[in-house]
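# Per-entry structural report
Next come the chains, spelled out residue by residue.
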There are 2 protein chains.
Amino acid sequence: MATIKDIAQKSGVSVATVSYVLNNTRWVHEEKRKRVLEAISELNYVPNAVARGLRVQKSKAISFVVSDITNPFYPDLAKACEDLAQTKGFTINILNTDDKPDRTQFALNQVREGKVDGIIVTSALEQDREHFQKFMEQGYVIVLANRSVKGLQVDSVVADNFNGAVMATNHLHELGHKKIAFMPGISGSSITQSRMNGYLQAMEDAGLTIHPEWLTSGEARYSGSYKTTQFLLGLPEWKRPTAIISLTDIGALGVLDAATDLEVSVPDDLAVIGFDDLFISGTRSVQLTTVKIPRYEMGSIATSLLMERLEKGGKSDFQEIVLPVELIVRKTCGKRKTEIK
Amino acid sequence: MATIKDIAQKSGVSVATVSYVLNNTRWVHEEKRKRVLEAISELNYVPNAVARGLRVQKSKAISFVVSDITNPFYPDLAKACEDLAQTKGFTINILNTDDKPDRTQFALNQVREGKVDGIIVTSALEQDREHFQKFMEQGYVIVLANRSVKGLQVDSVVADNFNGAVMATNHLHELGHKKIAFMPGISGSSITQSRMNGYLQAMEDAGLTIHPEWLTSGEARYSGSYKTTQFLLGLPEWKRPTAIISLTDIGALGVLDAATDLEVSVPDDLAVIGFDDLFISGTRSVQLTTVKIPRYEMGSIATSLLMERLEKGGKSDFQEIVLPVELIVRKTCGKRKTEIK
DNA sequence: CTGAAAGCGCTTACAG
DNA sequence: CTGAAAGCGCTTACAG
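These lines cover the structure that appears in this document, whether it is placed above or below.

About the cut-offs
Residues numbered from 1 in each chain as written. Chains lettered and ligands numbered in written order. Predicted model: local features only at pLDDT ≥ 70, side-chain atom pairs only at ≥ 80, totals over all residues. Heavy atoms only, no water. Core = buried A, V, L, I, M, F, W, Y, C linked by side-chain atoms within 4.5 Å. Buried < 20%, exposed > 50% of the residue type's maximum accessible area, 1.4 Å probe, protein only. Contact = heavy atoms within 4.5 Å. Helix = DSSP H or I, 4+ residues; strand = E, 2+ residues; numbered from the N terminus. Polar contact = N/O pair within 3.5 Å; in protein donor to acceptor, adjacent residues only side chain to side chain. Phe/Tyr/Trp six-rings, centres within 6.5 Å; stacked < 30°, edge-to-face > 60°. Pairing = 2+ DSSP bridges. Arc of directions from axis to C-beta. Axes fitted to C-alpha atoms, helices over the stretch in contact; angles between N-to-C directions. Least-squares fit on C-alpha atoms with pLDDT ≥ 70 in both. 1 Å grid on protein atoms, 1.4 Å probe; cavity = no way out; pocket = protein on both sides within 12 Å on 5 of 7 lines; lining within 4 Å. Points joined across faces, edges and corners; volume = space filled by probe spheres on them. Nonpolar A, V, L, I, M, F, W, Y, C, P; charged D, E, K, R; others polar. Salt bridge = Lys/Arg side-chain N within 4 Å of Asp/Glu carboxyl O. Near = heavy atom within 4 Å. Parallel < 35°, antiparallel > 145°, perpendicular 65-115°, else oblique. Left-handed = near helix turned anticlockwise from the far one by under 90°.

### Comments concerning the nonpolar core
By size, the foremost hydrophobic cluster in this structure holds 142 residues, and its most contacted members are I62 and F64 of chain A together with I62 and F64 of chain B. Beyond its immediate stretch of four places on either side in the chain, F64 of chain A contacts Y74, L77, A78, C81, I92, N93, I94, L95, I120 and T122 of chain A.

Below you can see the structure in the form of structure tokens.
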């Protein structure tokens, strides 16, 4: 592998000059410039990014931290991140945490080690607060996407989860439902919290009462939601929900399948709403009514925030961006008001 | 940020000694050792990976190159890659190519720049052959997963696509189908090629004739497959297929939706088989019969192959691993033989 | 307009 | 058992 030294020798200039033409960072005599360029192409030279990184103390890489890239919610975020990062010459590292705090710590370490310049975390938990706080105090940069952390001063972008849940609940209420269950995900996630609050608020505003069983977690995943639905549908009729709001579309798929297996028909006997609007949800086979979360946009904005922060530095003027959501009405809630006992 | 020098000073030893205790690479007097460790924890020191990387000429990172991480086929591969890489202390870079050759070139450059030690490409195309060849001749390491490149000497892992297609075709034939269409994806991909060959072979063995229209591409995506299905189903009855093999499950979803919209019922009037066995395919709403591709295993093996090659080096003894596939019979092909005209 | 040299933060022969 | 020093491949003040 040729190095800058080889190029300098071959073209009879100093390594400094080679560096200058490489980076176009100061005027070089045309003649020399040409010789350098020739040597570069002849020796098939490509500058070593690690050496450069060490010298300028920048890696031109960022980490994208996610609980599980296998969850169809996240790839869009990751894609957006890469699309944008790439235009700025950044490379992206992906890191699955499985929502385990020590994996998140590991992610923070990547920037401490200088492997990446900053980090986007989509899997923040309440219990990460102190670690993030300390991390930022040390001058490292982080931006939160998707999940936020209460009381933490940091750049972040989240969906308007509260209102999404309000919209979902109201929609069901307008359709005549009174027994509406809300199926939360893991605790410590701001998403569960905000959506639950929206649901609670809307239920109260509608004058509807809530049975504690209606708040049983489905872990936001397929199988958890499947099981919780079995439980919910097995409740005595007076408190058996006629509608279920699932924290995610993937969870809603579990709800739908449990209903199918129990032979309760959707939307006639059970209405279901998800969150996310995954590709699959719009498919003829599924036709799930759901609250659409603008994932690509979220990833894009998170990346911009990170880039900005990387440029300007500092620990103030943090931005918290809340993206509007949209209720996508499809076929899992019924199209018209039907009498519900 | 503390450096190794700070630690050396604070604990009154040489930087060499600090390095040795850090890496546990030679015996250090217990006393000093303790002082070093103390200094490290007091100053919150974490070694700079970039400096280390420059010195040892290894980045401890690999790239995972994919056409589109947003395609639900790939995250499992990426996850497997990260899971395994992580145990070896490697970090993983993700890179979407959109099947554009220049993006693949860009990926190769990451290793030329020393940003990563090697690269796993899941998006290889026939037209990449020369570039890969040259790349490997320069001593860089690459392993192919999912898609292979004919005539290229390289470590690789692919599914047994030929037999998968044979199994799918035979299954349909046994069910009584004679007019079986096969919907290819993009050209240049070994997947389309192998599966098409399997289909062709099985059709011939069954003594079935093929109309050229039956080989119209669906681009392996939802909308392309949707359109191609409209076309196929619009053919005059004597050559309208009664069964469609889609190159992917995502494509099969498009086939299914087109059928629904055209009011041809599955499996009664149309049988469909996909490839992949995505999570969604097993769902009650879909119940797609499909050829299962062991994605996680594939990602895992690709990563092992890369790690091995990184350790032993060399340009010989390349391994080509072919993973067995499995036909998962669900509901889109009919359960029993029905008479088909 | 251009070059010699310091230095980024490590590891690792080499010498003692 | 331990340290001084070279060197990985760059960039960038500094001097001319």
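### Focus on the side chain of S246 of chain A
Residue and element names in this part refer to chain A. Tracing the chain through its elements places S246 in strand β7 (residues 243–246). Residue classification places S246 among the buried positions, given a relative accessible area of 1%. Looking at S246, its side chain comes within polar contact range of the main-chain oxygen of T248, at 2.8 Å. When near neighbours in sequence (up to four residues on either side) are disregarded, S246 contacts M183, G251, A252, V255, I273, G274 and F275.

### Considerations on the packing of aromatic side chains
One pass over the full model with this rule turns up ten aromatic pairs over all chains. Aromatic rings pair up to connect Y222 and Y226 of chain A together with F279 of chain B into one cluster.

### Quick word on the pairing of strand β6 (residues 180–183) of chain A
Residue and element names in this part refer to chain A. By the alternation rule, side chains of β6 split into I180 and F182 and A181 and M183, which are all buried. Sheet topology places β6 next to β7; four bridges connect them, and they run parallel. In the sheet register, I180 faces β7, and the bridge partner there is A243.

### What to know about helix α1 (residues 4–11) of chain A
All names here are of chain A. Considered for burial, the residues of α1 that qualify are I7, A8 and S11. Viewed along the axis of α1, the buried residues span an arc of 100 degrees, placing them on a single side of the element. The exposed set on the far side of α1, more than 90 degrees from its buried face, consists of K5 and Q9. If you follow the buried residues of α1, they end up packed against α2 (15–23) and α3 (30–43).

### Regarding the sheet that holds strand β8 (residues 271–276) of chain A
Hydrogen bonds between backbone atoms are what pair the strands of a sheet, whose relative direction is either parallel or antiparallel. Residue and element names in this part refer to chain A. Read across the sheet, five strands follow the order β6-β7-β8-β9-β11 without closing on themselves; strand pairing throughout is mixed. Two strands close off the open sheet at either side, each with one partner strand: β6 and β11 (326–328). In this sheet, neighbouring strand axes are inclined to one another by 20 degrees on average, regardless of whether the strands run parallel or antiparallel. In this fold helix α10 (residues 222–233) packs onto β6 and β7, with an angle of close to 155 degrees to the strand it touches most, β6.

### Digging into the relation of the copies chain B and chain A
Once turned by 180 degrees and shifted 0.0 Å along the axis, chain B lies on chain A with an RMSD of 0.0 Å. Such values leave the two copies arranged in the relation of a two-fold axis. Taking the C-alpha atom as reference, chain B places N93 of chain B closest to the rotation axis, 2.2 Å from it. Looking at the interface residues of chain B, 100% of them are also at the interface in chain A, so both copies use one shared face.

### Side note on empty space enclosed by the protein
Counted by the stated rule, this structure contains three cavities of 30 Å³ or more. Lining the largest cavity are 22 residues, with V50 and K115 of chain A together with V50, S59 and K115 of chain B positioned closest to its centre. Secondary-structure elements contributing two or more residues to the lining of the largest cavity are α4 (49–56) and β2 (91–96) of chain A together with α4 (49–56) and β2 (91–96) of chain B. Taken together, the residues that form the lining of the largest cavity break down as eight nonpolar, ten polar and four charged. What the second largest cavity holds in volume is close to 60 Å³. Every residue along the wall of the second largest cavity is listed here: E82, Q86, F90, T91 and I92 of chain A together with S63, N93, I94, L95, R103, F106 and Q110 of chain B. When contributions to the lining of the second largest cavity are tallied by element, the ones reaching two or more residues are α5 (74–87) and β2 of chain A together with β2 and α6 (101–112) of chain B. Tallied by class, residues from the lining of the second largest cavity come to five nonpolar, five polar and two charged.

### Section: the pattern of salt bridges
One pass over the structure, following the stated rule, counts 29 salt bridges over all chains. Here R295 of chain A makes a salt bridge to D76 of chain A, at a shortest N to O gap of 2.9 Å. In this pair, R295 of chain A is assigned in helix α12 (residues 295–312) and D76 of chain A in helix α5, connecting sequence segments 219 residues apart. For R295 of chain A, a relative accessible area of 10% puts it in the buried group. Residue E126 of chain B is joined to R129 of chain B by a salt bridge in which the shortest nitrogen-to-oxygen separation is 2.3 Å. Taken together, the shared-partner salt bridges connect D257 and D261 of chain A together with R284 of chain B into one network.

### Digging into the protein's contact with DNA strand D
Around DNA strand D there are 26 residues in total, and I4, S19 and R55 of chain A together with T17 and H29 of chain B lie nearest to it. Atoms of DNA strand D within 4 Å of the protein: sugar and phosphate make up 59%, bases the balance. Among the secondary structure elements, those contributing two or more residues to the surface near DNA strand D are α2 and α4 of chain A together with α2 (15–23) and α4 of chain B. Partitioned by chemical class, the residues of the surface near DNA strand D number twelve nonpolar, eight polar and six charged.

### Some thoughts on the packing of α4 of chain A against α4 of chain B
Orientation of α4 of chain A relative to α4 of chain B, taken along the N-to-C sense of each, is 140 degrees, at an axis distance of 9 Å. Relative to α4 of chain B, the element α4 of chain A lies oblique. Between α4 of chain A and α4 of chain B the crossing geometry is left-handed. Contacts from V50, A51, G53 and L54 of chain A of α4 of chain A reach α4 of chain B at V50, A51, G53 and L54 of chain B.

### Here's the deal with the protein's contact with DNA strand C
Inspection of the region around DNA strand C gives 25 residues, with T17 and H29 of chain A together with I4, S19 and R55 of chain B positioned closest. Restricting attention to atoms of DNA strand C within 4 Å of the protein, one finds that 57% of them are sugar or phosphate atoms. Contact distances for DNA strand C include 2.5 Å between a phosphate oxygen and a backbone N or O atom of H29 of chain A. Note that a phosphate oxygen of DNA strand C is positioned 3.0 Å from one of the side-chain N or O atoms of N23 of chain B.

### Here we look at the sheet that holds strand β10 (residues 320–323) of chain B
On the basis of which strands lie adjacent, the open sheet formed by twelve strands has the order β10(A)-β5(A)-β4(A)-β3(A)-β1(A)-β2(A)-β2(B)-β1(B)-β3(B)-β4(B)-β5(B)-β10(B) and mixed pairing. Each having just a single partner strand, β10 (320–323) of chain A together with β10 of chain B make up the two edges of the open sheet. Averaged over all pairs of adjacent strands, the angle between their axes in this sheet comes to 20 degrees, without regard to strand direction. One ladder, built from three bridges, connects β2 of chain A with β2 of chain B; its direction is antiparallel. Looking at the pairing, N93 of chain A lines up with N93 of chain B of β2 of chain B. Helix-sheet contacts for helix α7 (residues 129–137) of chain A involve β3 (118–121) and β4 (141–145) of chain A, and the interaxial angle to β4 of chain A is about 140 degrees. Relative to the sheet, α6 of chain B contacts β2 of chain A together with β1 (61–66), β2, β3 (118–121) and β4 (142–145) of chain B, its axis offset from that of β2 of chain B by approximately 160 degrees.

All we've got here are geometric facts, nothing functional implied.
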